[in-house]
Every structure is written in structure tokens, then in C-alpha cells.
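A structural walkthrough
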Amino acid sequence: MKSWHFLLFSLGINLLTGGCYSLSFYHDVAQLRAMPDGELEQINTVFASRELTKPPSLRRICPSGVSKVEILQSFDNGMLHYLTLGFYSPMSIKVWCDTPPMDIP
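No experiment lies behind these values; they were computed from the predicted model shown. (Residues numbered from 1 in each chain as written. Predicted model: local features only at pLDDT ≥ 70, side-chain atom pairs only at ≥ 80, totals over all residues. Heavy atoms only, no water.)

The subject of this paragraph is the overall build of the protein chain. Across its full length, the protein chain carries three helices and five strands. Order of helices (α) and strands (β) in the protein chain, N terminus to C terminus: α-β-β-β-α-β-α-β. Evaluated residue by residue, the protein chain yields a buried proportion of 28% over its 105 residues. Pairs at least 24 residues apart make up 72% of the contacts formed inside the protein chain by residues separated by at least 6 positions. Counting only carbon and sulfur atoms, one obtains 66% of the accessible surface of the protein chain, whose full area is about 7700 Å². (Helix = DSSP H or I, 4+ residues; strand = E, 2+ residues; numbered from the N terminus. Buried < 20%, exposed > 50% of the residue type's maximum accessible area, 1.4 Å probe, protein only. Contact = heavy atoms within 4.5 Å. Areas by Shrake-Rupley, 256 points an atom, 1.4 Å probe, with all protein chains shown as cover.)

Here is the structure:
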């Protein structure tokens with residue numbers, strides 16, 4: 001009986017302390033634009049130690065280099081992470097380039 005109380009307590013603490021987050025890396029922010037130059041999805045598994053999707057190539061999006069990277073986990077993504085006990089953890093990645101990417105026809 002006590003193990004169920006401990007399990008429920010642990011689950012409650014996990015749900016209350018976890019949530020959405022945003023992590024940003026900046027480099028040369030003088031020329032940042034309001035909208036990102038690229039948006040990617042990344043899916044990790046087993047507590048973010050393995051990736052289900054191939055890692056995104058930032059050089060393909062920004063050949064001249066990256067000025068800012070923002071990693072986001074929304075509420076929905078966080079709930080998926082907790083409901084699957086960390087085995088499925090999606091997140092969004094927004095990328096700003098040093099110079100705007102050229103539109104290649």
C-alpha cells in the first residue's frame with residue numbers, strides 16, 4: 001500500500017515540477033530578425049538519450065552560419081514526454097541565420 005502512495009507522490013511531483021521550457025543560444029544578435037529562418041522538429045527517446053529522427057543539419061538551413069538557436073518544448077510536448085514516461089520526447093527547434101538564406105529556385 002505504501003508503494004502506491006510513493007508512486008502517486010512521485011508522479012505528482014514530476015507533473016508539477018516539469019513543464020514547458022525554452023532554451024536559446026545566441027551569437028551575434030545585432031542582426032536578428034523577428035521571424036526564424038528555419039523551424040525543425042526533433043524527437044528524442046529514453047530520457048533524451050536517443051534520437052528517433054536524424055539530427056537536423058543546421059548547415060543545410062544556414063550555410064553562412066547560425067546566429068541564434070531556440071529549443072522549445074511546448075505543454076503538449078511535455079505531456080507526451082510525461083505520459084510515455086520519457087520514452088517519447090518531441091521538441092521544436094527554431095534557427096536564425098547570420099545572413100538571411102537565399103531563395104534558390
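And the narrative resumes.
On to the packing of aromatic side chains, then. Within the structure shown, the criterion is met by zero aromatic pairs. Seen from the ring of Trp96, Lys68 lies directly overhead, with NZ or CZ sitting 4.3 Å from the centre. (Phe/Tyr/Trp six-rings, centres within 6.5 Å; stacked < 30°, edge-to-face > 60°. Lys NZ or Arg CZ within 6 Å of the ring centre and 35° of its normal.)

This part covers the confidence of the model for the protein chain. Confidence in the prediction of the protein chain, expressed as mean pLDDT, is 75, and 70% of residues score 70 or more. Mean pLDDT per element in the protein chain: strand 1 (residues 21-26) is the minimum at 64, and strand 5 (residues 89-97) is the maximum at 85. (pLDDT = per-residue confidence, 0-100.)

Another point: the nonpolar core. Nonpolar side chains tend to gather and get buried jointly when the protein is soluble and globular. Formed by Leu40, Ile61, Cys62, Val69, Ile71, Met91, Ile93, Val95 and Cys97, the largest nonpolar core amounts to nine residues. Within the residue set of this core, elements represented by two or more residues are strand 4 (66-73) and strand 5. Sorting elements by how many residues they give to this core places strand 5 first, with four residues. Excluding its chain neighbours within four sequence positions, the residues that come into contact with Cys97 are Arg33, Asp37, Ile61, Cys62, Gly65, Val66 and Ser67. (Core = buried A, V, L, I, M, F, W, Y, C linked by side-chain atoms within 4.5 Å.)

Mapped onto the elements of the fold, Lys68 is located in strand 4. For Lys68, a relative accessible area of 11% puts it in the buried group. A polar contact is formed between the side chain of Lys68 and the side chain of Glu70, at a distance of 3.5 Å. (Polar contact = N/O pair within 3.5 Å; in protein donor to acceptor, adjacent residues only side chain to side chain.)

By the criterion of burial, strand 2 (residues 38-45) is predominantly enclosed, with six of the eight residues buried. Relative to strand 5, strand 2 runs antiparallel, the two sharing seven bridges. Pairing of Glu41 across the sheet is with Ser92, part of strand 5. (Pairing = 2+ DSSP bridges.)

Before going further, it helps to examine the state of the cysteines. Summed over the entire model, instances satisfying the criterion amount to one disulfide. A disulfide bridge connects Cys62 with Cys97, and the sulfur atoms are separated by 1.9 Å. Measuring handedness by torsion sign, the sulfur bridge of Cys62 and Cys97 sits at about -70° and is left-handed. A residue pair is termed long-range when its members are at least 10 positions apart, and Cys62 in the loop between helix 2 (58-61) and strand 4 and Cys97 in strand 5 qualify at 35 residues. Accessibility assignment for this pair places Cys62 and Cys97 in one class, buried. (Disulfide = S-S within 2.5 Å.)

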